[in-house]
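This is what each chain is made of:
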Amino acid sequence: EKGGWSSFMAKEISEQPDAVTNTLRGRIHDGQAVVPELEAFGDDVLAGIRRIVIVACGTAAYAGQTAKYAIEKWAQVPVDVELSHEFRYRDPVLTSDTLVISISQSGETMDTLMAVKYAREAGAKAISICNTQGATIPRESDAVIYTHAGPEVAVASTKGFTGQIAALYLFALHLARVRNTMSLEELAAQVVELQAIPEKIATTLLQEDAVRQLAVWMTDSRAVLFLGRHVGFPIALEGALKLKELAYIHAEGFAAGELKHGPIALIEPGQPVFVVVPSPRGSAHLHPKVVSNIQEIRARGARIIAIAEQGDAAVLPFADTVFHIPLAGPLFEPLLAVVPLQMFAIELATAKGLDVDQPRNLAKSVTVE
Ligand code: M6R
């Protein structure tokens, strides 16, 4: 039921604080991430993993790309993120010390299911991150970590995505503890960051009116670009996907470092560009690089919409619009930065009079190839 909301998607965007809270519930003990579902493996198996391959499609793949940074940093295992349909039709090298993690909100995506089957037949272990109890992919996996985001009805995934990142971060912290790659104090500090996210998402959601104003103003946009760096890169890709699927606008996400390798040629006067700006505190080495990217494209006439940390004064002189996110550790910013992008896509689609819950040509779960 939609309750008082205009759409399921609007409701689901607003439910993200609960989606994350519920995904964390029962998985934090004495300040440490402890995922009971991983006990099926035994610590020796987790400690022996040499490589992780994440398979997923669409938004779920962007959750995987986001989590790659945390898993590699915390648990120090190399992570590859693969689109399920690309993975299953080549000859991927899989060994028994490879862990395959599938991510699927529905748990029914055909390509992801087939990728999991392929991986297990090749001798790899498979964990599924899924939001739908008893779905096919978890049944075909060695273990499942359910996201408890609640049923996601809108075709565009929102709370499914934030729930997936929360679950993957719990997994990464559990793995780092078992593998001894971080001290208990360092682990506990990350858990505190994770637990603070729901409240910070709630704060981010308060900018709805400002997002709507921008969306109404941008209804006639023909193309919108999204730039991000480090964990902001998959968020740029996700922002572009949301805008494509909901508002039918050509949208592309780029890694900010790629600008000079091609995309900057697209910049002409009036071109709207969303930029996910890393924190000036937490990512002091990357922040000035992204600010200089902003200056470069602004000098060529781009209209800059920045998603920046509260109090980031360096961005203000160069941005036409700024949406703020609360202070958080660098790896936690994606859980906040994605929110204004989701809100922008739904507001723009609404301003164009489109059906945001059922965008044209799309289905909620893609059970065919
Ligand atoms: O159910 P799944 O998470 O496996 O679905 C994967 C994609 O089909 C899905 O995320 C799709 O990209 C969404 N429509 C994005 O909003």
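- An unreviewed UniProt entry annotates the chain as Glutamine--fructose-6-phosphate aminotransferase [isomerizing] of Cryobacterium zongtaii.
- Here the chain is described in UniProt, under the heading Catalytic activity (unreviewed entry), as follows: "D-fructose 6-phosphate + L-glutamine = D-glucosamine 6-phosphate + L-glutamate".
- Under Subcellular location (unreviewed entry), UniProt gives the following word-for-word description of the chain: "Cytoplasm".

**A few points about the sheet that holds strand 7 (residues 143-146)**
Line of reasoning, step 1. The strand order 4-3-5-6-7 describes an open sheet built from five strands, whose pairing is parallel. Looking along the sheet, the strands with just one partner apiece sit at the ends: strand 4 (79-83) and strand 7. Between one strand axis and the next, the sheet turns by 20 degrees as a mean value, whatever way the strands run.
Line of reasoning, step 2. One ladder, built from six bridges, connects strand 5 (residues 98-104) with strand 6 (residues 125-130); its direction is parallel. In the strand pairing of strand 6, L99 is matched with K125.
Line of reasoning, step 3. Across the sheet, helix 4 (residues 58-75) is in contact with strand 3 (51-56), strand 4 and strand 5; its angle to strand 4 comes to roughly 175 degrees.
Line of reasoning, step 4. Packing of helix 8 (residues 159-179) onto the sheet brings it into contact with strand 3, strand 5, strand 6 and strand 7, and relative to strand 5 it is tilted by some 160 degrees.

**What about the environment of V81?**
Line of reasoning, step 1. Within the secondary structure, V81 is located in strand 4.
Line of reasoning, step 2. Given a relative accessible area of 26%, V81 falls into the partly exposed group.
Line of reasoning, step 3. In the structure, V81 is positioned 28 residues away from V53 in sequence and 5.8 Å away in space, judged by C-alpha atoms.
Line of reasoning, step 4. Setting aside anything within four residues of it in sequence, one finds V81 in contact with I54, A61, G64, Q65 and K68.

**Details of the layout of surface pockets**
Rolled over the atoms, a probe with the dimensions of a water molecule shows which regions are left empty.
Line of reasoning, step 1. Approximately 560 Å³ is the volume found for the largest pocket.
Line of reasoning, step 2. Taken together, 28 residues make up the lining of the largest pocket; nearest its centre are C57, G58, T59, K364 and V366.
Line of reasoning, step 3. At the level of elements, helix 4, strand 5, helix 6 (110-121) and helix 11 (232-247) are the ones that each hand at least two residues to the lining of the largest pocket.
Line of reasoning, step 4. Among the elements that line the lining of the largest pocket, the one with the most residues is helix 11, at four residues.
Line of reasoning, step 5. Partitioning the lining of the largest pocket into residue classes produces 10 nonpolar, 11 polar and seven charged.
Line of reasoning, step 6. Quantified by volume, the second largest pocket comes out at close to 300 Å³.
Line of reasoning, step 7. Lining the second largest pocket are 14 residues; nearest its centre among them are W5, A10, E208, I346 and E347.
Line of reasoning, step 8. At the level of elements, helix 1 (8-14), helix 10 (208-217) and helix 13 (333-351) are the ones that each hand at least two residues to the lining of the second largest pocket.
Line of reasoning, step 9. Residue contributions to the lining of the second largest pocket peak at four residues, all from helix 13.

What counts, and at which threshold
- Residues numbered from 1 in each chain as written.
- Predicted model: local features only at pLDDT ≥ 70, side-chain atom pairs only at ≥ 80, totals over all residues.
- Heavy atoms only, no water.
- UniProt positions renumbered as here; feature names shortened; annotations may be inferred.
- Pairing = 2+ DSSP bridges.
- Helix = DSSP H or I, 4+ residues; strand = E, 2+ residues; numbered from the N terminus.
- Axes fitted to C-alpha atoms, helices over the stretch in contact; angles between N-to-C directions.
- Contact = heavy atoms within 4.5 Å.
- Buried < 20%, exposed > 50% of the residue type's maximum accessible area, 1.4 Å probe, protein only.
- 1 Å grid on protein atoms, 1.4 Å probe; cavity = no way out; pocket = protein on both sides within 12 Å on 5 of 7 lines; lining within 4 Å.
- Points joined across faces, edges and corners; volume = space filled by probe spheres on them.
- Nonpolar A, V, L, I, M, F, W, Y, C, P; charged D, E, K, R; others polar.

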